[in-house]
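# Topology and contacts: notes
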Amino acid sequence: MEEQMDYSMAWLSYRKNPLFPDREYFRKIYVQENEAVIHTAAKELSRAAEAMFDESSQIITIVKEAPENSSAGIYLYTDKNGPGNGGYHLYEEGGRLTITAKEPSGILYGCFALIRKAQRLLSLKNLDYKEEPDNPLRMLNHWGNMDGSIERGYSGDSFFFKSQELLINERTVDYARLVSSIGINGVVINNVNVKENATKLISEDYAEDLKQLAMIFRNYGISLYLSLNFAAPMELGGLDTADPEAAEVKDWWEKQMKQVYASVPDLGGFLVKADSEGRPGPFTYQRTHAQGANMLANAVKPYGGVIIWRCFVYNCTQDWRDRKTDRARSAYDSFSPLDGQFVDNVILQIKNGPMDFQVREPVSSLFGALQRTRQILEVQIAQEYTGQQRHVCYLIPEFKEILEFHTRCTKERDTVADIISGRAFPQFAGGITAVANTGSDTNWTGHDLAAANWFGFGRLAFSPSLTAGEIAEEWCECTFGPDKEITEAVCRILMMSWPAYEKYTSPLGIGWMVNPHNHYGPNVDGYEYDRWGTYHRADHYGLGVERGSKGTGYAQTYLEPNASMYETIEDCPEELLLFFHYVPYTYRLKNGKTLIQHIYDTHFEGVEDVQKMIALWNGIRERIPEDIFMRVSERLEHQLEHAKEWRDQINTYFYRKSFIEDEKGREIY
Ligand code: GCV
């Protein structure tokens with residue numbers, strides 16, 4: 001282990017509160033058995049008690065249940081009749097706080113829930129609180145490379161890799177503490193674009209390091225996962241093919257997996273990006289994704305591993321003149337015919353929308369189309385297209401909308417949340433994952449307020465019925481303490497931030513008006529004549545991509561009545577109007593405004609919203625630690641300038657295209 005490094009503990013930064021009336025429970029922690037995760041849980045409780053209340057807790061091992069007359073304290077019991085799947089019951093009775101759960105991980109989550117309540121100074125008397133995670137898999141995908149860089153990373157370097165080595169130190173443990181405290185139970189440590197040395201992560205070279213890392217994770221109820229290179233049999237094994245049906249390829253994977261699982265017997269499995277953006281895959285051998293995924297799944301099956309296969313597959317060498325090929329259709333066209341063909345330890349990982357993490361997209365039509373396949377919803381808290389952690393953009397309200405979308409795949413229980421949790425099709429449960437927004441920065445996430453997305457994602461993955469506002473409040477009070485003024489100001493900033501970002505960047509579902517490659521800042525035509533399948537199709541009369549049946553037909557890939565709803569301009573939800581339709585600038589929206597006036601108005605409003613956020617932040621200056629205050633202030637100032645640039649470029653572009661004046665006569669260039 002290296003020496004202590006300089007970083008904060010985000011929402012686990014405990015503040016002193018020695019006068020908290022309920023601190024006494026923490027003096028004695030009774031544990032029933034000597035199990036690693038329960039031991040971790042007790043240690044976390046005593047650590048929190050020490051930091052918050054100056055209480056040094058005694059950890060006492062007891063056999064079976066405590067006798068009736070046993071003393072006050074916290075009791076951690078596994079109970080075969082308790083809440084399962086990582087759920088827990090936390091209750092107080094006669095001076096005893098009890099946490100029961102079927103599994104040790106439930107005890108750990110219960111302890112962190114108790115700590116959160118204590119951090120917020122909520123009364124622990126008569127507490128009776130149950131939580132059971134909705135999603136079996138609650139994961140983070142890190143896009144870290146072996147040289148320490150992070151693809152789409154906006155908060156420093158990787159804390160998992162440096163100079164082709166794995167980093168295992170104090171920060172690794174603190175990372176595990178943070179993510180398990182919000183219920184994450186699976187972490188992929190390396191980029192889905194697996195190249196060069198990353199291909200060797202499954203070789204002997206890294207076996208010892210992975211073993212150590214997995215042990216740290218295991219103590220916190222987290223399974224380690226790796227991203228895999230489909231061409232590893234060639235690049236690592238020296239074979240001349242990676243054909244999933246070739247006997248030598250199957251043999252190679254079987255041997256390789258045997259060796260990997262010998263070092264990490266509880267390795268969760270592998271994430272695979274195949275036949276996507278230049279990554280190798282089964283298409284090279286005229287094989288299907290099902291053949292590719294199933295072959296790997298069979299190799300990890302003896303060890304209980306899973307293969308998580310990404311559906312982010314599209315033609316990235318498209319001709320912009322071609323109006324029939326539609327990137328939005330691609331995942332659906334590639335994977336819906338394969339429904340039912342995947343073996344049971346394959347899970348398809350589907351990005352929330354059909355394009356790529358734009359500020360507004362419809363929910364991918366694969367959700368609902370797949371009814372005999374396990375699925376993971378992939379969202380991105382790394383803010384690639386939503387301000388790159390320099391703009392505040394709290395994404396939990398967006399994720400809530402996605403989870404609550406009715407796919408119409410069944411009469412009841414048809415939302416995305418129902419599908420991934422396994423409520424819709426019980427034998428096909430999966431989960432949810434986020435592309436991580438963390439890095440080596442002292443505050444982990446670059447923008448201090450971006451930690452709300454990290455925390456919020458974990459909390460939402462566990463309990464999707466929480467509201468975005470409740471999650472924001474919980475994060476805020478754990479991070480800054482239960483100070484009403486801070487909570488009110490910060491939560492208002494968070495809750496207005498996604499709509500504000502949408503207003504000053506993208507009108508009504510049109511994305512991609514960004515600088516190519518780095519995806520930051522306005523560039524309306526940046527992707528318009530490029531090969532990536534990402535167009536707005538604006539001309540002198542209107543804009544938008546026609547995806548109804550007269551266009552690319554993407555609207556028809558949804559189940560009814562969604563297909564009909566998206567088919568016509570009149571029925572299409574307005575926030576997605578330009579995603580699905582080419583619409584004249586003079587078209588009147590439901591509020592009576594023309595489309596062009598809506599574009600002008602929202603772009604001016606978006607900037608005003610950022611000004612309001614700055615005023616709210618300045619209003620709590622005295623209550624926020626100086627370094628955090630300054631970091632956030634600098635970013636908010638940048639956000640304001642940048643929002644103005646977005647506003648002016650977008651408004652000017654569409655003014656020059658349409659020649660239509662702003663009714664309010666504001667400055668457009
Ligand atoms: C990891 C987008 C990003 C890429 C990313 C890819 C993916 O295209 O810009 O950086 O690659 O998505 O999700 O695989």
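Residues numbered from 1 in each chain as written. Predicted model: local features only at pLDDT ≥ 70, side-chain atom pairs only at ≥ 80, totals over all residues. Heavy atoms only, no water.

### Some thoughts on the overall build of the protein chain
Scanning the protein chain from terminus to terminus reveals 18 helices and 18 strands. For a compact globule of 669 residues, the expected C-alpha radius of gyration is about 26 Å, and the protein chain comes in at 25 Å, within 12% of that figure. Put simply, the protein chain has 669 residues, and 63% of those count as buried. Total accessible area on the protein chain is roughly 25,200 Å²; 48% of this is exposed by carbon and sulfur atoms. Across the protein chain, the 70 positively charged side chains and the 95 negatively charged ones have centroids separated by 2 Å. (Helix = DSSP H or I, 4+ residues; strand = E, 2+ residues; numbered from the N terminus. Rg over C-alpha atoms; globule rule 2.2 N^0.38 Å. Buried < 20%, exposed > 50% of the residue type's maximum accessible area, 1.4 Å probe, protein only. Areas by Shrake-Rupley, 256 points an atom, 1.4 Å probe, with all protein chains shown as cover. Lys, Arg positive; Asp, Glu negative; His and termini not counted. Charge placed at Lys NZ, Arg CZ, Asp CG, Glu CD.)

### Focus: the sheet that holds strand β2 (residues 58-61)
Within the open sheet, the six strands sit side by side as β2-β1-β3-β5-β4-β6. Their pairing is mixed. Only two strands of the sheet have a single neighbouring strand rather than two, namely β2 and β6 (128-131). The sheet shows a mean angle of 15 degrees between the axes of neighbouring strands, direction not considered. Relative to strand β5 (residues 96-101), strand β4 (residues 88-93) is paired through five bridges, and the arrangement is antiparallel. Its bridge partner being in β5, H89 is matched across the sheet by T100. (Pairing = 2+ DSSP bridges. Axes fitted to C-alpha atoms, helices over the stretch in contact; angles between N-to-C directions.)

### As for the site of the ligand
Close to the ligand lie 14 residues, the nearest being E151, K273, R310, K351 and E384. The contact in question runs from an oxygen atom of the ligand to an N or O atom on the side chain of R152, over 2.9 Å. Between an oxygen atom of the ligand and a side-chain N or O atom of N193, the distance comes to 3.2 Å. Burial of the ligand by the protein chains amounts to 96% of its free accessible area of 340 Å². Residue composition of the shell around the ligand, grouped by class: three nonpolar, three polar and eight charged. (Near = heavy atom within 4 Å. Polar contact = N/O pair within 3.5 Å; in protein donor to acceptor, adjacent residues only side chain to side chain. Nonpolar A, V, L, I, M, F, W, Y, C, P; charged D, E, K, R; others polar.)

### With respect to the environment of Y655
Mapped onto the secondary structure, Y655 falls in helix α18 (residues 626-658). The spatial distance from the C-alpha of Y655 to the C-alpha of I599 is 9.8 Å, given a sequence separation of 56 residues. Those residues in contact with Y655 that lie beyond four places of it in its chain are Y600, I660, E661, I668 and Y669. Among the polar contacts listed, one links the side chain of Y655 to the side chain of E661, at a separation of 3.1 Å. (Contact = heavy atoms within 4.5 Å.)

### Points about the sheet that holds strand β16 (residues 431-435)
Spatially, eight strands are ordered β7-β10-β11-β12-β13-β14-β15-β16 in a closed barrel, and the strand pairing comes out parallel. If you compare each strand with its neighbour and ignore which way they point, the axes differ by 25 degrees on average. Of the strand pairs in this sheet, strand β10 (residues 186-190) and strand β11 (residues 223-228) are connected by three bridges, and their pairing is parallel. By the bridge assignment, V187 is partnered in β11 with L224. The strands touched by helix α6 (residues 247-263) within the sheet are β11 and β12 (269-272), with β12 carrying the most contacts at an inclination of about 125 degrees.

### Brief notes about the pairing of β4
Relative to β6, β4 runs antiparallel, the two sharing four bridges. In the strand pairing of β6, Y91 is matched with D128. Here β4 folds back onto β5, and the loop between the two strands holds two residues, one of which, G94, carries a positive phi near 50 degrees.

### Topic: helix α8 (residues 327-335)
Inspection of α8 places R327, A328, S330, A331 and F335 among the buried residues, and these make up the whole buried set. Seen end-on, α8 carries its buried residues on one side only, within an arc spanning 165 degrees. Taken together, the buried residues of α8 touch α7 (289-300), β13 (306-310), β14 (346-351), α9 (366-369) and α16 (577-580). Put simply, D326 is the residue that caps the front of α8, since its side-chain oxygen is 2.9 Å from the backbone nitrogen of A328. (Arc of directions from axis to C-beta.)

### Quick word on the packing of helix α12 (residues 451-462) against helix α13 (residues 468-480)
Two numbers describe how α12 lies on α13: the axes approach to 9 Å, and their chain directions differ by 125 degrees. Our classification of the angle between α12 and α13 gives oblique. The element α12 and its partner α13 pack so that their crossing is right-handed. Facing A451, A452, F455, G456, R459 and L460 of α12, the residues of α13 in contact are I471, E474 and W475. Classifying every residue of the contact of α12 with α13 gives six nonpolar, one polar and two charged. (Parallel < 35°, antiparallel > 145°, perpendicular 65-115°, else oblique. Left-handed = near helix turned anticlockwise from the far one by under 90°.)

### Points about the pairing of β2
Pairing analysis gives four bridges linking strand β1 (residues 28-31) to β2, with the strands arranged parallel. The partner of K28 across the bridge, within β2, is Q58. Since β1 and β2 lie parallel, the crossover through helix α1 (residues 36-53) that links them has a hand, and here it is right-handed. (Right-handed = clockwise from strand over helix to strand, strands pointing away.)

### Focus: the packing of α1 against helix α2 (residues 104-119)
Between α1 and α2, the shortest axis-to-axis distance is 8 Å and the interhelical angle comes to 10 degrees. Taken as axis vectors, α1 and α2 run roughly parallel relative to one another. The segment α1 lies against α2, with V37, I38, T40, A41, E44, L45, A48, M52 and F53 engaging P104, S105, I107, L108, C111, F112, L114, I115, A118 and Q119.

### Describing the side chain of R327
The topology assignment puts R327 in helix α8. The class of R327 is buried, set by a relative accessible area of 4%. Dropping the residues within four chain positions of it, R327 is found in contact with F312, Y314, Q318, P354, M355, D356, W512, W532, G533 and T534.

### Some details on a negative patch on the surface
On the surface, D240, E248, D251 and E254 cluster together into a patch of negative charge. Along the polypeptide, D240 turns up in the loop between α5 (232-235) and α6. By relative accessible area, which is 68% here, D240 ends up exposed. (Patch = residues over 30% accessible without salt bridge, like charges linked within 9 Å, V, L, I, M, F, W, Y side chains within 5 Å. Salt bridge = Lys/Arg side-chain N within 4 Å of Asp/Glu carboxyl O.)

### Notes on the packing of aromatic side chains
By the definition in use, this model includes 36 aromatic pairs. Ring centres of Y385 and W512 lie 5.1 Å apart, and the angle between their planes is 75 degrees; on these two criteria the pair is classed as edge-to-face. Pair noted here: Y385 is in the loop between β15 (374-380) and α10 (396-403) and W512 is in the loop between α14 (484-505) and β17 (542-543), with a separation of 127 residues, a long-range link. You'll find Y385 and W512 in the same group, each marked buried. Between the aromatic rings of Y558 and Y566, the centroid separation amounts to 4.8 Å while the plane-to-plane angle is 65 degrees, which identifies the pairing as edge-to-face. (Phe/Tyr/Trp six-rings, centres within 6.5 Å; stacked < 30°, edge-to-face > 60°.)

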